[in-house]
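Spelled out from the first residue to the last, the chains are:
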Amino acid sequence: MKIHIRKIKPTVVCFLLVAAFIMVCFGQQLLKIYDLNREINRLEADKTALIEESATLEEEIELLHDDAYLMVLARENFGMILPGEKLYLPSTENEEIMEHKEVDGVILHENKG
């Protein structure tokens, strides 16, 4: 039995090497393009989120020019009371009982006892 070994022509080898080189180069470029497109999409999503946050903050800035809104914030966040109103706060076990006096429109807190 004779095995026939066929010789590959040098032009075919050169063609295959050039084709492999081109595929590797283009493959790397395609991966870079894919990564850049993913980065673009992520940055566009971040931009959209920031635009929405900016719009929300602009609305809040507009609300801060409204006296009624400021009154609500002061009452909710800082315990502001209007003249004639009383503020009731729950006490904790360790809290000392305080006596309240009003002097010149300012409420003072003094320890009782």
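Everything numeric in this text was worked out from a predicted model, so none of it was measured.

### Examining the overall build of the protein chain
Secondary structure assignment for the protein chain yields 2 helices and 2 strands. Written out in order from the N terminus, the α and β elements of the protein chain read α-α-β-β. Counting all 113 residues of the protein chain, 1% fall into the buried class. If you sum the accessible surface of the protein chain, you get close to 11400 Å²; carbon and sulfur atoms cover 62% of it.

### Describing the pattern of salt bridges
One pass over the full model with this rule turns up 3 salt bridges. Note that Glu39 is salt-bridged to Arg42, the shortest N-O span being 2.7 Å. Remark: Arg42 and Glu39 occur in helix 1 (residues 10-63); sequence separation between them is 3 residues, near one turn of the helix. In this structure, the salt-bridge partner of Arg42 is Asp46, at a minimum N-O distance of 2.9 Å. With Arg42 and Asp46 both in helix 1, this residue pair falls 4 residues apart, about one helical turn. What makes Arg42 partly exposed here is its relative accessible area of 41%. Within the structure, one salt-bridge network assembled from shared partners comprises Glu39, Arg42 and Asp46.

### Here we look at helix 2 (residues 67-78)
The end-to-end C-alpha distance of helix 2, which contains 12 residues, comes to 15 Å, matching closely the 16 Å that a straight helix rising 1.5 Å per residue would cover. Regarding helix 2, its N-cap is Asp66, as a side-chain oxygen of that residue lies 3.3 Å from the backbone nitrogen of Ala68 further along. A positive phi of about 70° marks Gly79, the residue just after helix 2.

### Describing the confidence of the model for the protein chain
Chain-level pLDDT for the protein chain is 81 on average; 76% of the residues reach the 70-or-more range. Mean pLDDT values for the elements of the protein chain range from 57 in strand 2 (residues 106-111) up to 92 in helix 1.

### Some remarks on a nonpolar patch on the surface
A contiguous nonpolar patch, built from Ile8, Val12, Val13, Phe15, Leu16 and Leu17 and spanning about 610 Å² of accessible area, is present on the exposed surface. A relative accessible area of 58% places Leu17 in the exposed class.

Thresholds, definitions, all that
- Residues numbered from 1 in each chain as written.
- Predicted model: local features only at pLDDT ≥ 70, side-chain atom pairs only at ≥ 80, totals over all residues.
- Heavy atoms only, no water.
- Helix = DSSP H or I, 4+ residues; strand = E, 2+ residues; numbered from the N terminus.
- Buried < 20%, exposed > 50% of the residue type's maximum accessible area, 1.4 Å probe, protein only.
- Areas by Shrake-Rupley, 256 points an atom, 1.4 Å probe, with all protein chains shown as cover.
- Salt bridge = Lys/Arg side-chain N within 4 Å of Asp/Glu carboxyl O.
- Expected span 1.5 Å × (residues − 1).
- Polar contact = N/O pair within 3.5 Å; in protein donor to acceptor, adjacent residues only side chain to side chain.
- pLDDT = per-residue confidence, 0-100.
- Patch = residues over 30% accessible without salt bridge, like charges linked within 9 Å, V, L, I, M, F, W, Y side chains within 5 Å.

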